[in-house]
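# Notes for the structure review
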Amino acid sequence: MSDTLLQTLLAGFLFSSPLFSLGLIPGSALAATERPAHAWPYAVYGMLSVLLFVPLGWLLNAGLARLGLSSVDLPCYVLLLWGVNRALSRLFRPRPELPLQRPYFRANCAVLGAGLLAIGRFADSLPGAAVLAAGSAASFFVSVVVIAHFRERIETRGLSHRLAGWPSFLLLCALLWVAFEGLGSLLR
Amino acid sequence: MRLPSESKQQLFLKSLLPENPVLHSGLGVMLAVAGTETSSQAFFLGSAALALILLTSLVSALAYELLQKRTPLWLLVALASLAIALGRRLFGGRLDELPPMTGILLYLLAVSPVIFARARGMTASTTVGRALFDAAGTGTGLVAVLACLGLARELLSRGTAGSAGPLFQPPAPWMGTMLGGFVSCAAAIALFRLARERSGP
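The following refers to the structure shown. From a predicted model like this one, the values you see are computed outputs, not experimental measurements.

Here we come to the overall build of chain A. On a plain count of helices and strands, chain A comes out with seven helices and zero strands. For chain A, the succession of helices and strands along the chain, N to C, is α-α-α-α-α-α-α. Computed over its C-alpha atoms, the radius of gyration of chain A comes to 17 Å, within 12% of the 16 Å expected for a compact globule of 188 residues. Counting over 188 residues, chain A shows a buried share of 50%. The contacts in chain A between residues at least 6 apart in sequence include a share of 76% that link residues at least 24 apart. Working note: accessible area of chain A is about 8,500 Å², and carbon and sulfur atoms make up 66% of it. Averaged over its 14 positive side-chain charges, chain A has a centre that lies 8 Å from the centre of its 8 negative ones.

Written out as structure tokens, the structure is:
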């Protein structure tokens, strides 16, 4: 892998996490991180969604630009996202404890946001967009698993009920942001 | 929870505050965290979300009243994405004045549960008028929370308030980063819970 692609991968991992770098938090993330056992399949699902969506989205974007249809790109992205969800839902069907069939229980905000960011930054390079997305996808996986692990620990050990749920989730995202920004500042 | 006995005003007020989409249900947390860097960004995204909530609720309620059928989610998502694409053509120039992520966040409204939750949850048991009041309350509640968070973050991180120039030396520039988004949103939800406890059942 060339140095530029490696740097892009690291930038995607450290600075383009959909959850804590970009703040693109799906409503489903709260329920998915209640227990680490639920978080793993959700994290894999989100990661695979980003990995699938970005190259296909890049090709779609290039095709629409060639046809002069860039003004209707969003409906096409949404259609593509629906296709990716359908494909992955079939893959995850053997796991009944994860309610992926519910339309809201998907990482759509994070996937579409990470995809649009990668396509926008690397409009003329599919490898660049795919590598940035790979970094984002890995970061999504790590952040979901870490948040689920810590949420279970702090919420079962006497955390005030006012901070349970979304506040604790958001504060853990804040801590991850600080940690990754600190790590990133060493590499900048 | 909405009861058939509740008036339109009660529906509006209930959606506005006690069952606020962000503070009570956590819907639209993505907007509250990533879309409140400045008050103008928050107001722009909140207004777009309000318009989309009203549109999807109106279509959903009309379809139920005329056809006695629930509108499928995919149709509402397609409608919202077309409306956003049209809105981007009309107001695209405004995006240049706002923080860089605003364009992406505008697109993400097409897959945000806060846009479709009322259209899917309310219309199966009510009239167009009641659905619109409920949607208006939800949308206004969202705009209010986003605007308050945006204003607070902008004041603390830049010392400005909308078009009003620097008012004072910014005391907490980090509030302009994503860290500020997480902390302010978490604090708002915790304060909302505290206020509800104090005010009683």
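To continue, consider a nonpolar patch on the surface. Residues and elements named next belong to chain A. A surface patch of nonpolar side chains, about 500 Å² in accessible area, is lined by Leu6, Leu10, Leu183, Leu186 and Leu187. When residues of the nonpolar patch are assigned to their parent elements, the largest contribution, three residues, is made by helix α7 (residues 166–187). Structurally, Leu187 is set in helix α7.

Counting 98 residues, the largest nonpolar core has Ile25, Leu112, Phe169 and Leu170 of chain A together with Leu109 and Phe182 of chain B as the members making the most contacts within it. Here this core takes 10 residues from helix α6 (residues 126–155) of chain A, the largest share from any one element.

All right, on to the interface of chain A and chain B then. The partner chain B presents 37 residues to the 33 residues of chain A that form the contact. A buried area of about 3,000 Å², summed over both sides, lies between chain A and chain B, and 77% of it is on carbon and sulfur atoms. Between the two partners, chain A and chain B, sit one salt bridge. Salt-bridge contacts for Glu197 of chain B lead to Arg162 of chain A; the nearest nitrogen and oxygen are separated by 2.9 Å. Elements represented by at least two residues in the side of chain A that touches chain B include exactly α4 (73–92), α5 (108–121) and α7 of chain A. Split by residue class, the side of chain A that touches chain B holds 25 nonpolar, six polar and two charged.

Once that is clear, we can look at the pattern of salt bridges. If you walk through the whole model with that rule in mind, you get five salt bridges over all chains. One salt bridge in this structure joins Arg151 of chain A and Glu155 of chain A, with 3.1 Å as the shortest N-O distance. With a gap of four residues between them, Arg151 of chain A and Glu155 of chain A both fall in helix α6, about one helical turn apart. Of the residues examined, Arg151 of chain A reaches a relative accessible area of 2% and is grouped as buried. Here Glu37 of chain B ties to Arg158 of chain B by a salt bridge, and the two come within 3.5 Å at their closest N and O atoms. Placement of Glu37 of chain B in the loop between α3 (29–34) and α4 (39–67) and of Arg158 of chain B in helix α8 (residues 128–158) is noted, with a sequence separation of 121 residues between them. In this structure Arg158 of chain B comes out as partly exposed when scored by relative accessible area, which is 42%.

Looking now at empty space enclosed by the protein. Residue and element names in this part refer to chain B. Considering all chains together, one arrives at one cavity of 30 Å³ or more under this definition. There is about 70 Å³ of room inside the largest cavity. Of all the secondary structure elements, the ones that give two or more residues to the lining of the largest cavity are α3 and α7 (113–121). In the lining of the largest cavity, the residues fall into nine nonpolar, four polar and no charged.

Let's shift gears to the packing of aromatic side chains. Residues and elements named next belong to chain A. All chains considered together, the criterion is met by six aromatic pairs over all chains. Geometrically, the ring pair formed by Phe13 and Phe180 is tilted, given 5.5 Å between the ring centres and 50° between the ring planes. In this pair, Phe13 is assigned in helix α1 (residues 3–15) and Phe180 in helix α7, connecting sequence segments 167 residues apart. Owing to a relative accessible area of 23%, Phe13 belongs among the partly exposed residues under this scheme. Aromatic pair Phe20 and Phe180: ring centres 4.6 Å apart, planes at 55°, arrangement tilted. With Phe20 in the loop between α1 and α2 (28–32) and Phe180 in helix α7, the pair connects residues that are 160 residues apart, well separated along the chain. A relative accessible area of 11% places Phe180 in the buried class. In this structure an aromatic cluster arises from ring pairing among Phe13, Phe20 and Phe180.

Turning next to the packing of helix α1 (residues 8–16) of chain B against α8 of chain B. Residue and element names in this part refer to chain B. Close contact between α1 and α8 brings their axes to 7 Å; oriented N to C, the two are set at 25°. By the angle class used here, α1 and α8 are roughly parallel. The two elements α1 and α8 meet at a crossing, and its hand is right-handed. Residues Lys8, Leu11, Phe12, Ser15 and Leu16 of α1 form the contact with α8, whose own contacting residues are Gly129, Arg130, Phe133, Asp134, Ala136, Gly137, Thr138, Thr140 and Gly141. Classifying every residue of the contact of α1 with α8 by side-chain character gives five nonpolar, six polar and three charged.

How each quantity is defined
Residues numbered from 1 in each chain as written. Chains lettered and ligands numbered in written order. Predicted model: local features only at pLDDT ≥ 70, side-chain atom pairs only at ≥ 80, totals over all residues. Heavy atoms only, no water. Helix = DSSP H or I, 4+ residues; strand = E, 2+ residues; numbered from the N terminus. Rg over C-alpha atoms; globule rule 2.2 N^0.38 Å. Buried < 20%, exposed > 50% of the residue type's maximum accessible area, 1.4 Å probe, protein only. Contact = heavy atoms within 4.5 Å. Areas by Shrake-Rupley, 256 points an atom, 1.4 Å probe, with all protein chains shown as cover. Lys, Arg positive; Asp, Glu negative; His and termini not counted. Charge placed at Lys NZ, Arg CZ, Asp CG, Glu CD. Patch = residues over 30% accessible without salt bridge, like charges linked within 9 Å, V, L, I, M, F, W, Y side chains within 5 Å. Salt bridge = Lys/Arg side-chain N within 4 Å of Asp/Glu carboxyl O. Core = buried A, V, L, I, M, F, W, Y, C linked by side-chain atoms within 4.5 Å. Buried area = accessible area lost by both parts, 1.4 Å probe. Nonpolar A, V, L, I, M, F, W, Y, C, P; charged D, E, K, R; others polar. 1 Å grid on protein atoms, 1.4 Å probe; cavity = no way out; pocket = protein on both sides within 12 Å on 5 of 7 lines; lining within 4 Å. Points joined across faces, edges and corners; volume = space filled by probe spheres on them. Phe/Tyr/Trp six-rings, centres within 6.5 Å; stacked < 30°, edge-to-face > 60°. Axes fitted to C-alpha atoms, helices over the stretch in contact; angles between N-to-C directions. Parallel < 35°, antiparallel > 145°, perpendicular 65-115°, else oblique. Left-handed = near helix turned anticlockwise from the far one by under 90°.

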